[in-house]
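# Observations on the three-dimensional arrangement
Residue-level listing of the chains:
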Amino acid sequence: MYKRVLLPTDGSPCSEQALREGFELVKSCGAEATVLYVIENPLLTLPMLPEGIPYEADLYEDLKKAAEEVLASARKIAEEAGVPVNTIMHEGQPVPTIVEFARDYDLIVMGTHGRGGLEKLILGSVTEGVLHRTETSVLVIHCKRKRG
């Protein structure tokens with residue numbers, strides 16, 4: 001059914017849950033899995049202030065390091081599921097980057113927190129943005145919230 005599955009991640013617990021469920025689907029279909037992490041370059045998105053430039057460069061390096069850690073974790077989860085996986089770190093804005101990559105895939109698997117109201121307005125929703133802009137099928141994993 002599905003031959004190539006794209007699994008965008010941001011390293012959140014919700015994304016991890018989507019990866020786990022996505023890898024099970026990939027395994028059952030015998031599909032190829034690719035995990036995508038989109039890193040936003042703060043040097044391109046934040047206002048450039050002379051006193052901030054050294055800190056923004058450090059922030060970007062920290063973001064790259066965090067992305068590498070997320071992708072390493074995704075590889076470990078895939079290995080535990082018995083699924084070979086490709087990982088990609090790409091610089092850009094999440095929604096358009098995911099939509100662009102998705103053109104080469106049969107399915108996108110993403111998590112969502114199901115936020116609404118002001119929380120959704122403030123935080124936005126990458127998953128919703130992808131849903132409205134892609135022609136690729138999207139499997140949305142509604143993440144379970146821990147109650148406590």
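Residues numbered from 1 in each chain as written. Predicted model: local features only at pLDDT ≥ 70, side-chain atom pairs only at ≥ 80, totals over all residues. Heavy atoms only, no water.

## Quick look at the environment of Leu 131
Rules: By definition, any uninterrupted DSSP run of H or I lasting at least four residues is a helix, any uninterrupted run of E lasting at least two residues is a strand, and each is numbered from the N terminus. Pairs of residues are marked as contacts when any of their non-hydrogen atoms sit within 4.5 Å.
Along the chain, the position of Leu 131 falls in helix α6 (residues 126-133). Sequence-wise, Leu 131 and Ile 108 are 23 residues apart; in three dimensions their C-alpha atoms are separated by 9.5 Å. With sequence-adjacent residues up to four places away left out, Leu 131 is seen in contact with Val 138 and Val 140.

## Looking at the sheet that holds strand β3 (residues 85-91)
Within a sheet, adjacent strands bond to each other through the backbone by hydrogen bonds, running parallel or antiparallel. Just so we agree on the cut-off: Any two strands are treated as partners once DSSP identifies two or more bridges connecting them. In this analysis, axes come from line fits to C-alpha atoms, helices being fitted only over the stretch in contact, and the angle between any two N-to-C directions falls in the range 0 to 180 degrees.
The strand order across the open sheet formed by five strands is β3-β2-β1-β4-β5, and the pairing between neighbours is parallel. The sheet is open, and its two borders are formed by β3 and β5 (137-142), each paired with just one other strand. Each strand axis lies, on average, 25° off the axis of its neighbour in the sheet, ignoring direction. Inspection of the sheet shows strand β1 (residues 4-8) paired to strand β4 (residues 107-112) by two bridges, in the parallel sense. Its bridge partner being in β4, Val 5 is matched across the sheet by Leu 107. Each of β1, β2 (32-39), β3 and β4 touches helix α4 (residues 94-102); the most contacted strand, β2, lies at about 155° to it. Contacts from α6 reach β4 and β5, with the element oriented near 150° to β4.

## Regarding the packing of α4 against α6
Operational definition: Oblique is the label for any angle not covered by the other classes, which are roughly parallel (under 35 degrees), roughly antiparallel (over 145) and roughly perpendicular (65 to 115). For any pair of crossing helices, the crossing counts as left-handed if the nearer helix is rotated counterclockwise from the farther one by less than a right angle, and right-handed if it is rotated clockwise.
Between α4 and α6, the least distance of the axes is 9 Å, while the angle of their chain directions is 45°. When the interaxial angle is binned, α4 and α6 end up oblique. As α4 packs across α6, the resulting crossing turns out to be right-handed. Contact with α4, carried on its side by Pro 94, Val 95, Ile 98 and Val 99, involves Val 126, Gly 129, Val 130 and Arg 133 of α6 and no other residues of that element.

## Examining the pairing of β2
Applied cut-off: The buried label applies to any residue whose accessible area, calculated with a 1.4 Å probe on protein chains only, is under 20% of its type's maximum; exposed applies above 50%, and partly exposed to all values in between. Handedness rule for crossovers: strands pointing away from the viewer, path from the first strand over the helix to the second running clockwise, crossover right-handed.
When you tally the buried positions in β2, you get seven out of eight residues, the bulk of the element. In this sheet, β2 lies alongside β1 in parallel orientation, the contact comprising five bridges. When the bridges of β2 are listed, Pro 8 appears paired with Leu 36. Tracing the backbone out of β1, into helix α1 (residues 13-29) and back to the parallel element β2 gives a crossover that is right-handed. By the bridge criterion, seven bridges tie β2 to β3 in an arrangement that is parallel. By the bridge assignment, Val 35 is partnered in β3 with Thr 87.

## Let's talk about α1
Heads up, the rule is: A helix is expected to span 1.5 Å multiplied by its residue count minus one.
Spanning 17 residues, α1 covers 24 Å between terminal C-alpha atoms, matching the ideal 24 Å at 1.5 Å per step. Within the sequence span of α1, burial applies to Cys 14, Ser 15, Gln 17, Ala 18, Leu 19, Gly 22, Phe 23 and Val 26. Gly 30 sits one or two residues past α1 and shows a positive phi near 65°.

## Topic: α4
With seven of nine residues buried, α4 lies mostly within the body of the structure. Next to the buried residues of α4 lie β1, β2, β3, β4 and α6.

## Points about the state of the cysteines
We count it as follows: Our working definition of a disulfide is a cysteine sulfur pair at a distance within 2.5 Å.
Enumeration over the complete set of coordinates arrives at one disulfide. With its sulfur 2.0 Å from that of its partner, Cys 14 forms a disulfide with Cys 143. On the sign convention where negative is left-handed, the bridge of Cys 14 and Cys 143, at about 80° about the S-S bond, is right-handed. Of this pair, Cys 14 sits in helix α1 while Cys 143 sits in the segment after β5, and the two are 129 residues apart along the sequence.

Limitation: the analysis is restricted to geometry and does not speak to function.
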